[in-house]
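# Examining the three-dimensional arrangement
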Amino acid sequence: MAAGSADILWTILGGLVTLAIFSFLYRDNPLYKMAEHIAVGVSVGFIIVTYYNTIFLPKIWDNVLHLGKYDYLIPLAFGALLFTRFTPKHGWLSRWSLAFLLGAGSGLSIPSTLEGRVLQQAEGTVRSLVAAAPSAGAGVDVGASFAAIFLVVGTVACLVFFLFSVEHKGGIGRFAYFGRLCIMAGFGASFGYTVMARVSLLIGRVQYLTRDFVDAISRIL
Amino acid sequence: MDIATLLQKMLKLDRRIIYTLVFVGVVLPFYLAWPPIRIEVSREVEDAFRIIDAIPPNSTPLLLSFDYDPASAAELTPMAVAALHHCFEREIRVLVISLQYTGLGAGIAADVVPRIAAEHGRVKNVDWAFLGFQPNAMVAMLQMGEDIKRTFPVDYYGTPVDSIPLMESIQNYDQIPAVLTLASTAVGEFWAIYPGSRYGLTVLGGLTAVYVADIQPFYQSGQIKGILGGLKGAAEYEQRIGRPGDDMNGMRSQKVIHYLIILFIALGNVAYLLARRRQA
Amino acid sequence: MMKTRIPLLICFVAGTFMAVQYFIPAFLPYYDRVNDYIQIVYAFSIVLGLASVIQRHTHRVQRRGPEKRRHKDWIYSLCALAGLTVMLLAGFIEGRGEGTLFQNLFNAILLPVQATMFALLAFYLASAAFRAFRTRSVDATVLLLAAVVVMIGRLDDGATLGIPKLSRWILDNPNLVAKRAILLGVGLGMASTALKVVVGIERSYLGSSKE
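Because the structure is predicted, anything quoted here is derived from the model rather than measured. Every residue gets a number counted from 1 within its own chain, in the order that chain's sequence is written. Here every chain gets a letter starting at A, and every ligand a number starting at 1, in the order they are written. It should be noted that, the model being predicted, local features are given only for residues of pLDDT at least 70 and side-chain atom pairs only at 80 or more, the latter also being counted only at that level, while totals for whole chains, interfaces and linings use all residues.

## A word on the overall build of chain C
In plain terms, the rule: What counts as a helix is a DSSP run of H or I of at least four residues, what counts as a strand is a run of E of at least two, and both are numbered from the N terminus. Computation of the radius of gyration draws on C-alpha atoms, with the globule rule given as 2.2 Å multiplied by the number of residues to the power 0.38. The contact rule is simple: place each C-beta atom from the backbone, and if two of them lie within 7 Å, those residues are in contact.
Scanning chain C from N- to C-terminus turns up seven helices and zero strands. Overall, chain C shows an N-to-C arrangement of helices and strands of α-α-α-α-α-α-α. Rg of the C-alpha trace for chain C: 26 Å, well past the compact-globule value of 17 Å for 211 residues, more than 25% over. Nonlocal contacts in chain C, meaning residues at least 24 apart in sequence, comprise 27% of its contacts between residues at least 6 apart.

What follows is the structure, given as structure tokens:
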């Protein structure tokens, strides 16, 4: 079969599968279920083949058999122990593997999380105040100053809102309420962007149907 | 029938009518080239463009990471295509990886990258290379800070990375001017938090619109130096590189649907307020 | 001992080493090796999940129970297993890469299905906007107003009313402070939870059985 014809047939298959999934909007139906289940099978197969070629062959097989790095049998053993979860009697062995994964992952994340999520974020908040400070001879940049003060005050207000060990009454209550309004505005912004994101996904699919799929059908007819 | 009653009846509208309105709202702009739209390049996109554009040709490669799955392809693949066009036109080398944990991102990269490279006559493993994917993003990012070849011993096609000409002088992030991560999940911010903080890697984010609002603290603090946000970000970037594409049509549909949803929210709330007033 | 103490010890040793290596360059060769180990074990954990999926669909296709009946949706599970088999054969026999059956099946089935499933959300969003998004309180009003301004501002519309500038202001000010506060809280929470896991205070991954 010529390469062009094969591409057309694959495009038509993609379009038919897309329409099958869209049919769910009317109601759940066998076409939708079939497309969904075939995709599940295909994705599992895809992941297995990819993992085999990416992890098993280069990181275990090549290391152990070709490079003589027998210590790679340790993670292989840990990985195999995970499958003991399928047996009620020996399932506890999988805890060793989980303990290694969680422990190593947690330990690895601690320094970077503190630096990336906490320290650099705090620096970003305070640095803006320093940047807004008027340099020698120049006037005050009112806009930048206001923004910098808002950044510091707003961040603290939002943090106070999440502080539940202090009762939100009086001055603290009003300050926390200001933080709450900022959080609501932030969630509103996120919602606005979410609308854009979800609609973009639909636009992508409709573009595929109205352009590629229709073009492929018209070439066949 | 008064307005309040009419609106209450409208609120009970069959959801399939709403779906049809949405579908028509998406499709019509494709054929009518309406409504008019205006794309202004935002400062986040301009920053990303300038950083990529400053990479010297035929030198250190841009690291392009496909950290998304097919669910977000509609938003992020246009960014990937635009970035590849930008790089290949300027003869900037590209090193492609994927850290999307199921490997599906690698499947997308395997389709997109060779196709765009072929359009520009770029040679595989010389002008671009695709190293494949690694499952645990955090570990892979940190490991690449020491030794990229150890993290990816073979490329996606099974070729030993040691034998790839592009990788000859590449050891770790010291030889990578910037990474453009195309991400639909928190992996995007992982680049800033892990290799960004530990190795000082310049991080650019090509993100789904859902994450744009959340990633602003990283942009403000300088941990992420540029952002392409959603379909609009892709359209802005295409405009900046002088290759406006399908995203312009997509933005027309965006406009129609945005106003449709605003109308739905407004109608729903007017009906609600009128009903509340009536009860009071 | 074997069921609780040894996993806690493994967790502590691995976690402490990986935290401390950040500060000690001499640990680098061992750090690289342990990173490889983590990738391998992580890969097995993903494959474990896949094995569960395969097991579930296989059980549905088999005649089970006292009446030796198949599950009512067994035909769909058969489709899933068929898709799996074809993909495995294509990937292992022909290989991956452009133009292969493996890549074509990914492009023609997996990519459209996943993309379309998420595209359905746009419809549900519109329906929810009509039926559910109500300004019942000041907070909800602020949220919806911010959302509407951002939605219009992103389209670069309403310039005469200053909406794009207002949208930009919302993004750079209240949104920024809110998200930053959340990030700081999450960062501190993550670091403390990670520390609790490493030292063994947090041991929910061990399950509930006693030693």
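## Here's the deal with the overall build of chain A
Which entries qualify depends on this criterion: Each residue is classed by its C-beta neighbour count within 10 Å, where at least 20 other C-beta atoms makes it buried, 12 or fewer makes it exposed, and intermediate counts make it partly exposed; the C-beta atoms are placed from backbone geometry.
Of the regular secondary structure elements, chain A holds six helices and zero strands. Expressed along its principal axes, the backbone C-alpha trace of chain A runs to roughly 75 × 60 × 45 Å. Of all 221 residues assigned to chain A, the portion counted as buried reaches 47%. Taking all contacts inside chain A whose residues are at least 6 apart in sequence as the whole, residues at least 24 apart take part in 28%.

## Here's the deal with the sheet that holds strand S4 (residues 179-183) of chain B
Strands belonging to one sheet form pairs held by backbone hydrogen bonds; the direction of such a pair is parallel or antiparallel. All names here are of chain B. Note the threshold: A pair of strands counts as paired when DSSP detects no fewer than two bridges linking them. Between N-to-C directions, angles span 0 to 180 degrees; the directions come from axes that are lines fitted to C-alpha atoms, helices contributing only their stretch in contact.
If you trace the six strands from one edge of the open sheet to the other, you get S3-S2-S1-S4-S5-S6, paired in parallel fashion. Whereas interior strands pair on both sides, the edge strands pair on one side only; in this sheet they are strand S3 (128-133) and strand S6 (226-229). Between one strand axis and the next, the sheet turns by 15° as a mean value, whatever way the strands run. Bridge count between strand S1 (residues 62-67) and strand S2 (residues 94-98): four bridges; the pairing is parallel. Residue pairing for S2: serine 65 is matched across the bridge by isoleucine 97. This element, helix H5 (residues 104-119), spans S1, S2 and S3 of the sheet and lies at about 170° to S3. Contacts between helix H10 (residues 209-221) and the sheet are confined to strand S5 (203-207) and S6, with S6 contributing the most and set at about 170° to the helix.

## With respect to the environment of B:Gly196
Mapped onto the elements, B:Gly196 comes out in helix H9 (residues 195-199). Counting along the chain gives 42 residues from B:Gly196 to B:Glu238, while the straight-line C-alpha distance between them is 26 Å. Filtering out sequence-adjacent residues up to four positions away, B:Gly196 remains in contact with A:Gly116, B:Trp191, B:Leu201, B:Val203 and B:Gln223.

## A closer look at the packing of helix H3 (residues 73-82) of chain A against helix H2 (residues 28-61) of chain C
A packed helix pair is summarised by two numbers, namely the angle formed by the two axes and the spacing between the axes. Put simply, the test is: Roughly parallel means an angle under 35 degrees; roughly antiparallel, over 145; roughly perpendicular, 65 to 115; everything else is oblique. Helix crossings are classified by the rotation of the near helix relative to the far one: an anticlockwise turn of less than a right angle makes the crossing left-handed, while a clockwise turn makes it right-handed. All residues other than Ala, Val, Leu, Ile, Met, Phe, Trp, Tyr, Cys, Pro, Asp, Glu, Lys and Arg, Gly among them, are scored as polar; the first ten of these are nonpolar and the last four charged.
One way to put it is that H3(A) packs onto H2(C) with a least axis distance of 9 Å and a crossing angle of 20°. Between H3(A) and H2(C), the angle is such that the two are roughly parallel. Crossing geometry of H3(A) relative to H2(C) is assigned as right-handed. Residues A:Ile74, A:Pro75, A:Leu76, A:Phe78, A:Gly79 and A:Leu82 of H3(A) form the contact with H2(C), whose own contacting residues are C:Tyr37, C:Ile40, C:Val41, C:Phe44, C:Ser45 and C:Leu48. Residues that form the contact of H3(A) with H2(C) fall into these classes: ten nonpolar, two polar and no charged.

## Quick look at the interface of chain C and chain B
One frequent convention defines the size of an interface as the accessible area lost when the parts assemble. Chain C puts 42 residues into the contact, and the matching count from chain B is 46 residues. Looking at the side of chain C that touches chain B, the elements with two or more residues in it are H2, helix H4 (101-131), helix H5 (138-154) and helix H7 (174-199) of chain C. Looking at which element gives the most residues to the side of chain C that touches chain B, the answer is H4(C), with 16 residues. Partitioned by chemical class, the residues of the side of chain C that touches chain B number 24 nonpolar, nine polar and nine charged.

## Details of helix H6 (residues 163-172) of chain C
Here is the rule: Relevant arc is that of directions from the helix axis to the C-beta atoms, nothing else.
Taken residue by residue, H6(C) has C:Ile163, C:Pro164, C:Ser167, C:Ile170 and C:Leu171 as its buried positions. For H6(C), the buried positions fall inside an angular range of 120° around the axis, keeping them on one side. Each element contacted by the buried residues of H6(C) is listed here: helix H6 (170-220) of chain A, H10 of chain B together with H5 and H7 of chain C.

## So, the environment of A:Ile12
Residue and element names in this part refer to chain A. With respect to the helices and strands, the residue isoleucine 12 is situated in helix H1 (residues 3-22). Using a count of 17 C-beta atoms within 10 Å as the deciding quantity, one classes isoleucine 12 as partly exposed. For isoleucine 12 and leucine 209, which are 197 residues apart along the polypeptide, the C-alpha to C-alpha distance reads 9.4 Å. Those residues within four positions of isoleucine 12 in sequence are excluded, and the remaining contacts are Phe213, Ala216 and Ile217.

## Concerning the nonpolar core
Here is the rule we go by: Note on definitions: a nonpolar core is a set of buried residues drawn from Ala, Val, Leu, Ile, Met, Phe, Trp, Tyr and Cys, linked by C-beta atoms within 7 Å. Boundaries between domains were set according to an automatic or database domain assignment.
B:Leu62, B:Val96 and C:Ala126 are the most contacted members of the largest nonpolar core, which totals 218 residues. Summarising the domain contributions, this core has at least three residues from each of domain 1 (3-34 + 250-279) and domain 2 (43-245) of chain B. Contacts of B:Leu62, omitting those with residues within four sequence positions, involve B:Ile52, B:Ile55, B:Cys87, B:Ile92, B:Val94, B:Pro177, B:Ala178 and B:Leu180.

## Description of the confidence of the model for chain C
This is how it is decided: Confidence of the predictor at the level of single residues is captured by pLDDT, which takes values from 0 to 100.
On average, residues of chain C score 90 in pLDDT, and 98% of them reach the 70 mark or higher. Reported confidence for the predicted complex is 0.88 by ipTM and 0.92 by pTM.

## Structural notes on unusual backbone geometry
Residue and element names in this part refer to chain B. Residue tryptophan 34 is joined to proline 35 through a cis peptide bond whose omega torsion reads 0°. The backbone phi angle of alanine 33 is positive, close to 50°, even though this residue is not glycine. Note on placement: alanine 33 falls in the loop between helix H2 (15-32) and helix H3 (43-53).

## Some points on the interface of chain A and chain C
Every contact between the two is made by 92 residues of chain A and, on the other side, 101 residues of chain C. Mapped by element, the contributors of at least two residues to the side of chain A that touches chain C are H1, helix H2 (30-66), H3, helix H4 (94-132), helix H5 (142-161) and H6 of chain A. When residues of the side of chain A that touches chain C are assigned to their parent elements, the largest contribution, 23 residues, is made by H4(A). Residues belonging to the side of chain A that touches chain C are distributed by class as follows: 60 nonpolar, 23 polar and nine charged.

## A few points about the environment of C:Gly153
Residues and elements named next belong to chain C. Counting through the fold element by element, glycine 153 comes out in helix H5. The spatial distance from the C-alpha of glycine 153 to the C-alpha of leucine 166 is 7.6 Å, given a sequence separation of 13 residues. Here glycine 153 is in contact with Ile163, Pro164, Leu166, Ser167 and Arg168, once residues within four sequence places are set aside.

## Section: the packing of helix H11 (residues 230-240) of chain B against helix H12 (residues 247-279) of chain B
Residue and element names in this part refer to chain B. Relative orientation of the contacting elements H11 and H12 amounts to 140°, with a least axis distance of 9 Å. For the pair H11 and H12, the sense of crossing is left-handed. Listed contacts from H12 to Leu231, Lys232, Ala234, Ala235 and Glu238 of H11 are Asp247, Met248, Gly250, Met251 and Gln254. Among the residues making up the contact of H11 with H12, the classes are represented as five nonpolar, two polar and three charged.

## Points about the pairing of S1(B)
All names here are of chain B. Under the convention used in this document: Here, the term right-handed applies to a crossover whose path from the first strand over the helix to the second runs clockwise when the strands point away from the viewer.
Of all the six residues making up S1, six are buried; the element is thus mostly covered by neighbouring parts of the structure. Of the two faces of S1, the one lined by Leu62, Leu64 and Phe66 and the one lined by Leu63, Ser65 and Asp67 are each fully buried. Tracing the backbone out of S1, into helix H4 (residues 73-89) and back to the parallel element S2 gives a crossover that is right-handed.

## Regarding the pairing of S2(B)
All names here are of chain B. Summarising burial for S2: five of the five residues are buried, a large majority. Burial of S2 is two-sided: the residues Val94, Val96 and Ser98 facing one way and the residues Leu95 and Ile97 facing the other way are all buried. Across four bridges, the pairing between S2 and S3 is parallel. Considered in S3, the bridge of valine 94 is made with tryptophan 128. Viewed along the sheet, the connection from S2 through H5 into S3 turns out right-handed.

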